[in-house]
Amino acid sequence: KAAFPFGHGLTYTTFEHSPLVNETCDDVQDCQLRIRTDVKNTGHVAAPTVVQLYLEFPVKAGLPAPFLKAFKKTSSIQPGSTEQVVFDLSSHDISYYDVGVGELVKATGTFHAHVGESSADIRNSLR
């Protein structure tokens, strides 16, 4: 077990993440998957946070899971306030290197998305 998991950081406040929403993303070129969450500062001090998106590929891809696919730093969120965080994933983001083929292959099937403050602090998942 790592002493400090990937993405581990310190803050003077606490944050709550709303349930993840999978949205269509026709308005962005090469957007294959859009995941949205709202981050609320539930503490007493204004602060930013870094929201991390981890993605589990479909089982047939044969990959260990989950992979860090994106992260976004919020602005400084005031106590009691909320900021929306949107992740737009491209074809490259949902592809993996297939050794048998010798190139990147776009995965098809069911993905599972997770967001959190670090790899050991997953707040919500979308299955």
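Up top is the structure.
Computed from a predicted model, the values in this text were never measured in an experiment. (Residues numbered from 1 in each chain as written. Predicted model: local features only at pLDDT ≥ 70, side-chain atom pairs only at ≥ 80, totals over all residues. Heavy atoms only, no water.)

A. Quick look at the pairing of strand 4 (residues 50–56). In terms of burial, strand 4 is a largely internal element, six of the seven residues being buried. One ladder, built from six bridges, connects strand 4 with strand 5 (residues 67–73); its direction is antiparallel. In the strand pairing of strand 5, V51 is matched with K72. Bridging between strand 4 and strand 9 (residues 112–118) involves five bridges; their strand directions are antiparallel. Among the inter-strand pairings, Q52 is bridged to a residue of strand 9, identified as G116. (Buried < 20%, exposed > 50% of the residue type's maximum accessible area, 1.4 Å probe, protein only. Helix = DSSP H or I, 4+ residues; strand = E, 2+ residues; numbered from the N terminus. Pairing = 2+ DSSP bridges.)

B. Spatial organisation of unusual backbone geometry. A positive phi angle, near 60°, is found at D30, a position not held by glycine. Along the chain, the position of D30 falls in the loop between strand 2 (21–23) and strand 3 (31–41). By relative accessible area, D30 is classed as partly exposed at 38%.

C. Molecular detail of the nonpolar core. The biggest cluster of nonpolar side chains holds 22 residues, and the ones touching the most others in it are L53, L55, F87 and L89. Elements that contribute at least two residues to this core include exactly strand 3, strand 4, strand 6 (82–90) and strand 9. (Core = buried A, V, L, I, M, F, W, Y, C linked by side-chain atoms within 4.5 Å.)

D. Spatial organisation of a nonpolar patch on the surface. The grouping of Y97, V99 and L104 at the surface amounts to a nonpolar patch, some 350 Å² of accessible area in total. Overall, the relative accessible area of 44% leaves L104 in the partly exposed class. (Patch = residues over 30% accessible without salt bridge, like charges linked within 9 Å, V, L, I, M, F, W, Y side chains within 5 Å. Areas by Shrake-Rupley, 256 points an atom, 1.4 Å probe, with all protein chains shown as cover. Salt bridge = Lys/Arg side-chain N within 4 Å of Asp/Glu carboxyl O.)

E. Broad picture of the side chain of R36. Here R36 lies in strand 3. A distance of 2.6 Å separates polar atoms of two side chains, one belonging to R36 and the other to E23. Setting aside residues no more than four positions away along its own chain, R36 makes contact with P19, L20, V21, E23, Q84, V85 and V86. (Polar contact = N/O pair within 3.5 Å; in protein donor to acceptor, adjacent residues only side chain to side chain. Contact = heavy atoms within 4.5 Å.)

F. Here's a closer look at the state of the cysteines. Inspection of the entire model under this criterion finds one disulfide. Covalently, C25 is tied to C31 through a disulfide, its sulfur atoms 2.2 Å apart. Across the disulfide from C25 to C31, rotation about the S-S bond amounts to roughly -100°, and the bridge is consequently left-handed. A relative accessible area of 13% means that C31 is categorised as buried. (Disulfide = S-S within 2.5 Å.)

G. View of the packing of aromatic side chains. A full pass over the atoms with the stated rule returns three aromatic pairs. For the ring pair F57 and F67, a centre distance of 5.8 Å and an interplane angle of 90° mean the geometry is edge-to-face. With a gap of 10 residues between them, F57 in the loop between strand 4 and strand 5 and F67 in strand 5 connect regions that are remote in the sequence. Taking the centre distance of 6.3 Å and the plane angle of 75° together, the rings of F57 and Y96 count as edge-to-face. Of this pair, F57 sits in the loop between strand 4 and strand 5 while Y96 is found in strand 7 (residues 95–98), placing the two residues 39 residues apart along the sequence. A single burial state applies to F57 and to Y96, both of which are buried. In this structure an aromatic cluster arises from ring pairing among F57, F67, Y96 and F111. (Phe/Tyr/Trp six-rings, centres within 6.5 Å; stacked < 30°, edge-to-face > 60°.)

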